[in-house]
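Read off the chains here:
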Amino acid sequence: MDETNVIIRPLITEKSTHQQATRNAYAFEVNPSANKQQIRQAVEKLYSVKVTDVRTMNRKGKPRRGRYRMTRTRNWKRAVVVLDENSRIDLF
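The paragraphs below set out a description of the structure included in this document. (Residues numbered from 1 in each chain as written. Predicted model: local features only at pLDDT ≥ 70, side-chain atom pairs only at ≥ 80, totals over all residues. Heavy atoms only, no water.)

Among the nonpolar cores identified, the biggest contains 16 residues, and I7, F28, I39, V43, V81, L83 and I89 are the most heavily contacted of them. Looking at this core, the elements with two or more residues in it are β2 (25–30), α3 (36–47), β3 (51–59) and β6 (76–83). Apart from residues no more than four positions distant in its own chain, V43 is found in contact with I7, F28, S48, V49, V51, V81 and I89. (Core = buried A, V, L, I, M, F, W, Y, C linked by side-chain atoms within 4.5 Å. Buried < 20%, exposed > 50% of the residue type's maximum accessible area, 1.4 Å probe, protein only. Helix = DSSP H or I, 4+ residues; strand = E, 2+ residues; numbered from the N terminus. Contact = heavy atoms within 4.5 Å.)

Here it is, written out as structure tokens:
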């Protein structure tokens, strides 16, 4: 799988911003079929940093009310990537 297809987008939330400052950990939405090794290689290649740890979680879609029936948002995968203490990513 290509590196640009593994990482979908960085997640900029209040929790992820706090983790960036305190733990040097960054959150990304990733391809659901990507494994931890592919995520590690993609982040290291795209951002030129050294990754020490990758944690992943599969997020279930939430139920939403449609016009005539209940639907669901899509399922997605989240990865929290911890970087080496000398590495940083500038997201904005």
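Now that the structure has been shown, the text picks up again.
Looking now at the pattern of salt bridges. Summed over all chains, the structure comprises four salt bridges. E3 is the partner of K45 in a salt bridge, and the nearest nitrogen-oxygen pair spans 3.7 Å. With a gap of 42 residues between them, K45 in helix α3 and E3 in helix α1 (residues 3–6) connect regions that are remote in the sequence. Assessed through its relative accessible area of 57%, K45 is described here as exposed. Put simply, E29 and R74 hold a salt bridge, and the shortest N to O gap is 2.7 Å. Of this pair, E29 sits in strand β2 while R74 is found in the loop between β5 (70–72) and β6, placing the two residues 45 residues apart along the sequence. Look at E29 and you get buried, because its relative accessible area is 1%. Assessed through its relative accessible area of 55%, R74 is described here as exposed. (Salt bridge = Lys/Arg side-chain N within 4 Å of Asp/Glu carboxyl O.)

It is worth spelling out helix α2 (residues 14–22) at this point. Count 3.6 residues to each turn of an α-helix, and residues three or four apart come out pointing the same way. By the burial criterion, the buried members of α2 are S16, Q19 and Q20. Projection of α2 onto a plane perpendicular to its axis shows the buried side chains occupying an angular sector of 105°, all on one side. Seen from the buried face of α2, the exposed residues on the opposite side, beyond 90 degrees, are E14, K15, H18 and A21. If you follow the buried residues of α2, they end up packed against β2 and β6. N24 occupies a position one or two residues after α2 and carries a positive phi of about 55°. (Arc of directions from axis to C-beta.)

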